[in-house]
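As a plain string of letters, each chain reads:
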Amino acid sequence: ANTSGYSNTGCGINALLSNEEGFYNSAFGADALHQNTSGDFNTATGVNSLYYNQSGNSNTAYGTSALRSNITGSYNTGIGDGALWSSGSGSSNTAIGKDALFNTLGSSNTAIGFEAFFSNVFGNNSTAIGYKAMYYAKNTGGLYENKNVAVGYESLRGSTNPASNTGNKNTAVGFQSLMQNTSGEDNTAMGVDALHNNTSGESNTATGESALSLNEIGSFNTATGKSALKTNIYGSYNTANGYEAMIANFQGHNNTAMGVNALSNNTIGNFNTAIGTKSLLVNTDGLYNTATGYRALGNNETGQENTACGALSLFFNWQGNGNTAIGYHTGYGNASAEFQSCTFLGANSTLNVDRTNVTTIGYGVFSAQCTGDNQLCLGNTAISEIRAQVTGITAYSDARYKSNIEENVAGLDFILKLKPVTYNVKPTELHHIWGTPDSLANKIDHSETEKIKFIGFLAQDVEKAAQESSFDFPGIDVPRNSKEVYSLRYTDFIMPMVKAMQEQQKMIDELKKENEALRAAQDLRLTQNEKQLIELQTIVKDLVQKNENRLQGEK
């Protein structure tokens, strides 16, 4: 049917059969470019390749039925049996592989691989590389910007119902990455099975084999590392960075895990942060925990509102709440100890018994130094001074919160029995009594402390003075067993001292009254004596005068 066409090459039955005006076309194979009339610069190699092309230009089809249905589309490249088979008017598409971009009216798409981007009809600007990559792409509605990128075997394959695959702006790189995605958008998956089961989850980033692989509807998650957040299904706002980080999470949200096996057993716990290998390793449903360091909060399971910063910090805590530990091996504990609302600050400071509202500050504050709940342990046994700008501790003393008030503090009787002494200390003896392992006690240097001359009391002497005074003195802690030591609170001596001063003042006042009475009596006696003296002086004067008169008369 050629009329004005030129420079065309047709080889095969019915090749370029209908060409009239087209030029620079090459058709090799039966029915290649069969319907072309005015299309130019087309190359068709294979039976039925570019069969229905009429006016499309600069298309390249290589393979049986490649670009078979293209009519007006231009600048398309289809290589492979059935590549771009159903293209009608789409342009600038590239399809390499059997049935790649099989059904498309969209433009500027790239599909490389067997049946890659197979179901596309209206999507533009997509890239699918790999066996059945983006296979079930959306095939309904009008033309739209399909901003998905799929690279890898069955990556972004989608639901078997193409109309359900409305998700956009997704990037999947890796074997079956984002394979089940339907309506999820703004997801990035890189690695084998990364975000494999995601359906409607949005704004997730998964990097690494099986990262977020079971996620379905969870959104705003970030997983970096092999199996990171692997079993997350519903959880959102999680960040996992590391091999098997948060691997078991399935509906926990707002968690952050960075490090090998960090938060790896979390299932429903929320608002946790784990940074470091195996940090928060066994946490399942604990909330608001922060762990930084190797195996920090490593055995926490259900505990909440804990903060651990340092390798092995709060390691054995498993259901304690509201704890804070900062430093290597701090708050390490043991399998049976449970901490509640405790604060540990300093390397190797830990307790081995249940404690509530305890604070330890300093290196190597060991379990025996804390004898009960609601205590603050300041420094280890090498501390010789506590230095500060202020000279005292301010204590709450409002009468409105005090009850059972009694004026029964012992005074002079207790104070006079005390024996102030000077002394040196041997801190290692404390550790022997406490049973501190030598491996820990030997890490503390006591050489400087042992040189210092201290002043104070011996607790046993204080206990004896209190007993002899029948005074229940609260400033002494008496050991309850052979592993505890005597301790004193020196501020509690102020009240007996005040009482003693008051008693002394009372004595002084009574003595003053007695003295004043004696002085008054003395003054009275002096007055009476003076009167008698005056009377005697008058009598003497009269007698002298009479005597003088008698002597004068005699003369």
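Structure: above.
Residues numbered from 1 in each chain as written. Predicted model: local features only at pLDDT ≥ 70, side-chain atom pairs only at ≥ 80, totals over all residues. Heavy atoms only, no water.

Trainee: I keep staring at the overall build of the chain and nothing clicks. Help me out?
Mentor: Each helix and strand in the chain was counted, giving six helices and 30 strands. Against the compact-globule benchmark of 24 Å for 555 residues, the chain has a radius of gyration of 49 Å, which places it well outside the compact range. Projected onto its principal axes, the C-alpha coordinates of the chain cover approximately 205 × 55 × 40 Å. Looking at the chain as a whole, 43% of its 555 residues are labelled buried. If you take every contact in the chain between residues at least 6 apart in sequence, the share linking residues at least 24 apart comes to 10%. Accessible surface computed for the chain: about 27,800 Å², of which carbon and sulfur atoms make up 54%. (Helix = DSSP H or I, 4+ residues; strand = E, 2+ residues; numbered from the N terminus. Rg over C-alpha atoms; globule rule 2.2 N^0.38 Å. Buried < 20%, exposed > 50% of the residue type's maximum accessible area, 1.4 Å probe, protein only. Contact = heavy atoms within 4.5 Å. Areas by Shrake-Rupley, 256 points an atom, 1.4 Å probe, with all protein chains shown as cover.)

Trainee: What should I look at first to understand helix H5 (residues 459–468) in this one?
Mentor: Residue pairs spaced three or four apart in an α-helix point in one direction, given the helix's 3.6 residues per turn. Among the residues making up H5, those that are buried are Ala459, Val462, Glu463, Ala465 and Ala466. Axial view of H5: buried residues confined to an arc of 165°, hence all on one face. Close packing links the buried residues of H5 with helix H1 (412–415), strand S29 (476–477) and strand S30 (487–488). After H5 finishes, the residue serine 470 shows a positive phi value of roughly 55°. (Arc of directions from axis to C-beta.)

Trainee: Teacher, can you tell me more about the environment of alanine 137 here?
Mentor: Looking at the element boundaries, alanine 137 is found in the loop between strand S9 (127–129) and strand S10 (144–145). On the basis of relative accessibility, which here comes to 6%, the residue alanine 137 falls in the buried class. In the structure, alanine 137 is positioned 17 residues away from asparagine 120 in sequence and 5.1 Å away in space, judged by C-alpha atoms. Residue contacts for alanine 137: discarding those within four places in its chain leaves Phe117, Ser119, Asn120, Pro162 and Asn165.

Trainee: I tried to follow the environment of tyrosine 131 on my own but got confused; where do I start?
Mentor: Following the sequence through the fold, tyrosine 131 ends up in the loop between S9 and S10. When the C-alpha positions of tyrosine 131 and isoleucine 268 are compared, they lie 36 Å apart, and in sequence the two are 137 residues distant.

Trainee: What is the right way to look at the side chain of histidine 431 in this model?
Mentor: Relative to the assigned elements, histidine 431 resides in helix H2 (residues 427–434). Histidine 431 gets classed as buried once you look at its relative accessible area, which sits at 1%. Once residues lying within four places of it in the same chain are set aside, the contact partners of histidine 431 are Phe366, Thr381, Thr436, Ala441, Ile444 and His446.

Trainee: I would appreciate a short explanation of the packing of aromatic side chains in the present structure.
Mentor: One pair of aromatic rings is described through two measures. These are the centre distance and the angle between the planes. Evaluation of the coordinates by the stated rule reveals 28 aromatic pairs. With a centroid separation of 4.6 Å and an interplanar angle of 75°, the aromatic rings of tyrosine 51 and tyrosine 52 are classed as edge-to-face. Classification of tyrosine 52 as partly exposed rests on a relative accessible area of 32%. Considering the side-chain rings of tyrosine 153 and phenylalanine 175, the 4.9 Å spacing of their centres and the 10° angle between planes classify their relative orientation as stacked. On the criterion of sequence distance, the pair formed by tyrosine 153 in the loop between strand S11 (149–151) and strand S12 (171–173) and phenylalanine 175 in the loop between S12 and strand S13 (188–190) is long-range, its members being 22 residues apart. With relative accessibility at 36%, the residue phenylalanine 175 sits in the partly exposed group. Put simply, the rings of Phe414, Phe457, Phe471, Phe473, Tyr490 and Phe493 touch in pairs and so form one group of aromatic residues. In this structure, lysine 132 packs its charged tip against the face of tyrosine 135, placed 5.1 Å from the ring centre. (Phe/Tyr/Trp six-rings, centres within 6.5 Å; stacked < 30°, edge-to-face > 60°. Lys NZ or Arg CZ within 6 Å of the ring centre and 35° of its normal.)

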